[in-house]
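Read off the chains here:
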Amino acid sequence: MSYLIPRRRARVKKRRQITLYLLMALVLMLLLTAIFAPILAPNDPSAGDIMQQQQGPSAQFPFGTDHLGRCVLSRILYGAMTSVFSSLGIIAAVFVVGSVLGILSGYFGGLVDTIIMRITTILQAFPRLLLAIALAGVLGVGIGNTILALCVIYWTEYARIARSLTLSIKERTYIKAARVCGENHVQIILRHIIPNVFPSLIVTATLDIGAMIMEVAALSYLGLGVKPSMPEWGSMMNLGKQYLQSNPWLVLIPGIAIFITVVIFNLFGEKLRDLFDLT
Amino acid sequence: MVKKLIFRILHIAVVLLGVTFLSFTLLHLAPGNPAEKYLAGTDGNYGIVSQEAIREQERKWGLDKPFFVQYFVWLGNACKGDLGNSYSTGHPVVSELFSKVGPTVMLSVAALFVTLLISIPLGVLCALYQDRLLDNIVRGFSFLGISLPSFLTSLLLLYVFGLCLRWINITDPSGFVGMLLPMAVLAFQCTAKFTRQVRAVVLEQMNQEYVRGAVARGVPKSRILFSHVLRNACLPIITWVGLYFGILLGGASIVETIFSWPGIGQLAVESVGRQDYQMIQGIVLWMALLYLAVNFLVDLSYSFLDPRIRVRKGGRLP
């Protein structure tokens, strides 16, 4: 029977690759939707006509209008831009900052390590979302401040992962061999540590995109993320919840948009993780 | 042993100092002068307040002193249980916190309890019957749980149970019935993640050599599961319980706000809305201390649960 195993594994791998490509296409579609929101949107997302408030779906407003008579579909499309790109930006920033600090911390150890790890311990001593609320609230409403607040909180996770991976890789024989061959620290980090740390971190980052979209939306829902005039899914739900009884769609449509986006990114992240595990 | 203990206490002291410092700095991150803001009130009558009045208020609050002096004065007061007065209501921050911390802790503990009650048996079952029907169903359920934002789940529940079925009174959330929905939302979210983690840990233990050895020796399966696998899986699970408590304390803010549950989270969101920075500072500090205390207890529980740690720390086997 054992001769069957490699072929089966190859087939499973092939199937997984196909799903991964499919999900990649979906992610790409999402990104394109976000980028081309200004072209795709049928109406101006912030132009409201008070005479046409709370309308049902029509040819002009495919998803109806909100309490100010603004086109819901257009706001959803523009909201994709805000949600997706702010989350991607945050993830990219914490990924870079966290990995660099974590690798330095793990590789050099000593005082650098102690200081960086103390800072992460202190930051992680706070319940995360509460600190995000406090930071975003104190800095003031605005998408820039939200991004800043979330970055300050989330880089610690990446620093910890990068550090522990670096610590285990550092002890491998090939690193010692590289030292013996006369490579300096910079070369070792660039050629050996980073390529080995990278896969785990990229999977973590991909899996975190969905969570980050929800986090940004949550802060906006609480009225801390973006200014209410800016189209964003969380803040749309916040505005819509007063009309939950009369027009639940104002909450449901942005909610479904968040859900679908998060599902796509989460599935993509999980498939990516499975693929890395297999190889 | 003594050296280790001193090191540990020093570590806690550094963390505490850092936590208090960060909480204190938070207030100073806010744009604008707090004294001027206080005097101008919520209407934002900036420019109307005279410079003398601002200086007077600054002197009263000690804002004219250097930053670090202010910090240590504040820290001294905080140790005495005085976190200042709320900007908006004028009441002492500490008494306000005292009245709100109960409901939040109650909600978090209840949600945590439900989470453990569901996740641990379910996670173990999923590990035992890996890739079978139950495992797949649970996998789908946890995927749903991690992909649904808590405010969406909350609003859906509120809509269905509060507005359509009218089972609960959404304007008055007090008591046990009022707690059910927020608890359900929090527990749903945590269960989704926690079940997976329990499953992973149990699976990891089941693939260890000692399990194979026990099977070979003919040890009954139930015995392997309960006294070997689960005992070893205990430690990571306990660690996560501590972490989840923090997630719940933070995550409760959204759920509390939606269900008008009178806890710290709601107070935090309201205080942010009112720009009551003194209150925010107090809340952040309190929650961090609470979270630290829980994790300290988790740390302590290790040595009770795992004899190996006790031995490593220099003690003898009991």
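Values in this document were obtained by computation on a predicted structure and should not be read as measured data.

The next subject is the interface of chain B and chain A. Taken together, the 46 residues of chain B in the interface contact 38 residues of chain A. Approximately 3,700 Å² of surface area, both sides summed, lies buried where chain B meets chain A, with 82% of it carried by carbon and sulfur atoms. By the criterion of area lost to chain A, the three top residues of chain B are Phe143(B), Phe151(B) and Leu155(B), representing 16% of everything that side buries. Run the count over chain B and chain A and you get one salt bridge. Of the charged contacts in the structure, one is a salt bridge between Glu270(A) and Arg196(B), with a shortest N-O distance of 2.9 Å. Across the contact surface, chain B and chain A share three residue pairs in polar contact (both at pLDDT 80 or more). Breaking the side of chain B that touches chain A down by element, the ones donating at least two residues are helix H1 (2-29), helix H6 (133-147), helix H7 (150-164), helix H10 (221-259), helix H11 (264-274) and helix H12 (277-305) of chain B. The residue inventory of the side of chain B that touches chain A, partitioned by class, reads 35 nonpolar, nine polar and two charged.

Residue and element names in this part refer to chain B. What the domain assignment reports for chain B is domain 1 (2-79) and domain 2 (93-312). A straight line from the C-alpha centre of domain 1 to that of domain 2 covers 33 Å. Taken together, the 14 residues of domain 1 in the interface contact 13 residues of domain 2. Between domain 1 and domain 2 the total buried area reaches about 1,200 Å² when both faces are included, carbon and sulfur atoms providing 71% of it. Applying the counting criterion to the domain 1 and domain 2 interface returns zero salt bridges. Seen at the junction of domain 1 and domain 2, the total is three residue pairs in polar contact (both at pLDDT 80 or more). Looking at side-chain class alone, the side of domain 1 that touches domain 2 contains nine nonpolar, two polar and three charged residues.

Conventions adopted
Residues numbered from 1 in each chain as written. Chains lettered and ligands numbered in written order. Predicted model: local features only at pLDDT ≥ 70, side-chain atom pairs only at ≥ 80, totals over all residues. Heavy atoms only, no water. Contact = heavy atoms within 4.5 Å. Buried area = accessible area lost by both parts, 1.4 Å probe. Salt bridge = Lys/Arg side-chain N within 4 Å of Asp/Glu carboxyl O. Polar contact = N/O pair within 3.5 Å; in protein donor to acceptor, adjacent residues only side chain to side chain. Helix = DSSP H or I, 4+ residues; strand = E, 2+ residues; numbered from the N terminus. Nonpolar A, V, L, I, M, F, W, Y, C, P; charged D, E, K, R; others polar. Domains from an automatic or database assignment.

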